[in-house]
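Next come the chains, spelled out residue by residue.
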Amino acid sequence: MTAAPRLHELRATPQTCFWGFFDHSLAPVLTVRSGDVVRIETLTHQAGDAPDLLMDDGVRAVYSGIPEAERGPGVHVMTGPIAVEGAHPGDTLEVRILSMKPRLPYGTNIGAWWGYLYDDMKKERVTIYRVDTDSGTATAEFGYDYTLSARYDKPGTLIPPERTSREPALAGVRVPLRPHFGVAGVAPKESGRVNSIPPGDFGGNVDNWRFGAQTAMYYPVQNDGALFFIGDPHMAEGDGELSGTAIESSANALIQLRLRPDVPTDSPLLETPTHWYTHGFGADLDEAMRQAARRMLDLLQRRGLSRDDAYSLISVAGDFGITQVVDQRMGIHAGIPKQVFAPR
C-alpha cells in the first residue's frame, strides 16, 4: 500500500537558504518521500530595492544572517536543498506547484546593466509595483534611477528610501499577474559552487513564466536524493525578460515532489494544463533554438511518433518563444499543445 503524502513546512531562514550558487555538497535541510507536499517560503534577492515595502522581519533575518562572503557568484536566494528518499542519478523528479501567493504585496523590476537594451538606456531604473491578487494585476507605485553605486552588481544591495528620488510611473497601466518561479531545480553533478545565473540541464534560472500554479517541471536527477531547491519568485514576466528582471517578489507556495520513472528527461521539461514545453540554452539564440527543437523532437518520439512524423508535427503545431536573453545563456522554449494527442 502506498503511504499517504505527508505535509512539511519549510520556512526561509538563514539556516534553510543559500545565496547565489548551487552545490551538490550542501546538506539537505529537509528530507521527504516521493509524493510529499511542502509548504515553502521563498525570497527575492531584490528586496533591498524598497526595504520599507519588500522586507519584513523574516526577510531581514535572511539578509542579515547570510554574510556577503557566503553569497555568489550568482545573485539568487534559494530555499533548500530538499532531499527526496530513493532519488538517484537517472531518475526524474516532478515538481508540481499547487499554489503560490506573494509574501508581501509589492515587487520590483530593474532595467539593469545586464538588460538587453542597457546600451540604449544608459542607466539603471528601478520600478516598484503594488501586487493585487484580488484583481490579478500589478500597478506601479513609483520608479527611481539607481545611483547608489556605479552598477547594481552586489547581491542583496539595500537601498535606503532616502537615497532615492521616487517618482510616479506607468500611470493608468495594469500588468496582468503571472506568479511563477524563475529558479528551481536539482543539484548539478558538477563539483563546487555553480553560478546561479545561467540555466542548465539541471534547471536553475530557466525563467519560464509558465511555471506557476497548476503546472509541473520535470528535472533529471543528477545526485542521490535529488537535492531540490527553489527561489527567485516572480509575480509577472514577459517572454524575453528584456530589462534583466521580472517583477521580483517574495512568495509562499505549496509544492509536491514526486519521482516519475515514467517521464524520462535529460533537461527541464514543463507541463501545463494545455502544453508540454522543452527548453534550450545557448550562447546565442540559434544554439538555444536548435537545442529546444531537438529536445522536442526527442519528446515526441518518446510519445510514439517516428522521427519524420515528429519533425512535421513540430513545424505545423509547435510554437517557439524566447524565454530570456539576460541570464548569460539565452533561453528558448518549444511548446506543443496536448490536444494534438487527443483521442479521435
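Here, the structure is the one placed above.
Computed from a predicted structure; not experimentally measured.

Asker: Describe in detail unusual backbone geometry, supporting the description with residues and values.
Answerer: Across the junction of Gly72 and Pro73, the peptide omega takes the value 15°, indicating a cis bond. Relative to the helices and strands, Pro73 is located in the loop between helix H2 (57-65) and strand S6 (77-84). Here the residue pair Gly80 and Pro81 is connected by a cis peptide bond, since its omega of 0° sits within 30 degrees of zero. In this structure, Asp207 is a non-glycine residue whose phi angle is positive, near 60°. For Asp207, the location among the structural elements is in the loop between strand S14 (203-204) and strand S15 (215-220). Judged by relative accessible area, which is 2%, Asp207 ranks as buried. Although it is not a glycine, Gln328 sits at a positive phi angle of roughly 70°. If you trace the backbone, Gln328 turns up in the loop between strand S21 (319-324) and strand S22 (330-337).

Asker: Which residues make up helix H4 (residues 285-302), and what are the values?
Answerer: Given 3.6 residues per helical turn, the α-helix brings residues three or four places apart onto the same face. Across its 18 residues, H4 extends 26 Å between first and last C-alpha, which sits within 8% of the 26 Å expected from 1.5 Å per residue. Three or more residues of H4 are buried, namely Ala288, Ala292, Arg295, Met296, Leu297, Leu299 and Leu300. Those residues of H4 that are buried are in contact with strand S19 (269-271), strand S20 (275-282), helix H5 (307-317), S21 and S22. The N-cap of H4, judged by a side-chain oxygen 3.2 Å from the amide nitrogen of Asp286 a few residues on, is Asp284.

Asker: Which residues make up the environment of Thr164, and what values go with them?
Answerer: Within the secondary structure layout, Thr164 lies in the loop between strand S10 (137-145) and strand S11 (175-176). Since its relative accessible area comes to 14%, Thr164 is described here as buried. It is 9.9 Å that separates the C-alpha atoms of Thr164 and Val126, two residues lying 38 residues apart in sequence. Sequence-distant contacts of Thr164, that is, excluding residues within four places in its chain, are made with Tyr144 and Ile159. Here the side chain of Thr164 touches Pro161 through a polar contact of 2.7 Å, landing on its backbone oxygen.

Asker: Could you give an account of the side chain of Thr265, naming the residues involved and the relevant values?
Answerer: If you trace the backbone, Thr265 turns up in the loop between strand S18 (251-259) and S19. Relative accessible area serves as the criterion here: at 15%, Thr265 is assigned to the buried category. Within polar-contact distance, the side chain of Thr265 engages the backbone oxygen of Ser267 at 2.7 Å. Every residue in contact with Thr265, bar those within four places of it in the chain, is listed here: Thr92, Tyr218, Tyr219, Pro220 and Arg302.

Asker: Give me empty space enclosed by the protein: which residues, what numbers.
Answerer: Counted according to the given criterion, the structure contains two cavities of 30 Å³ or more. Taken as a whole, the largest cavity spans an internal volume of roughly 40 Å³. In this structure, the largest cavity is lined by Phe181, Gly182, Val183, Ala184, Gly204, Val206, Asp207, Asn208, Phe211, Met217 and Tyr219. Per element, the largest residue contribution to the lining of the largest cavity is four residues, and it comes from strand S12 (residues 180-186). In this model, the second largest cavity occupies a volume close to 40 Å³. In terms of residue class, the lining of the second largest cavity is made up of seven nonpolar, no polar and one charged.

Asker: Residue-level account of the pairing of strand S9 (residues 125-132), with values.
Answerer: As paired strands, strand S8 (residues 106-111) and S9 are joined by six bridges and run antiparallel to one another. Along S9, the bridge assignment pairs Ile110 with Val126. Taken together, the eight bridges between S9 and S10 define a ladder with antiparallel strand orientation. The residue of S10 that forms the bridge with Val126 is Tyr144.

Asker: Residues and numbers for the environment of Met289, please.
Answerer: Inspection of the secondary structure assignment puts Met289 in helix H4. Along the chain, Met289 and Phe320 lie 31 residues apart, while their C-alpha atoms are 7.9 Å from each other. Here Met289 is in contact with Phe320 and Ile332, once residues within four sequence places are set aside.

The rules behind these values
Residues numbered from 1 in each chain as written. Predicted model: local features only at pLDDT ≥ 70, side-chain atom pairs only at ≥ 80, totals over all residues. Heavy atoms only, no water. Helix = DSSP H or I, 4+ residues; strand = E, 2+ residues; numbered from the N terminus. Buried < 20%, exposed > 50% of the residue type's maximum accessible area, 1.4 Å probe, protein only. Expected span 1.5 Å × (residues − 1). Contact = heavy atoms within 4.5 Å. Polar contact = N/O pair within 3.5 Å; in protein donor to acceptor, adjacent residues only side chain to side chain. 1 Å grid on protein atoms, 1.4 Å probe; cavity = no way out; pocket = protein on both sides within 12 Å on 5 of 7 lines; lining within 4 Å. Points joined across faces, edges and corners; volume = space filled by probe spheres on them. Nonpolar A, V, L, I, M, F, W, Y, C, P; charged D, E, K, R; others polar. Pairing = 2+ DSSP bridges.

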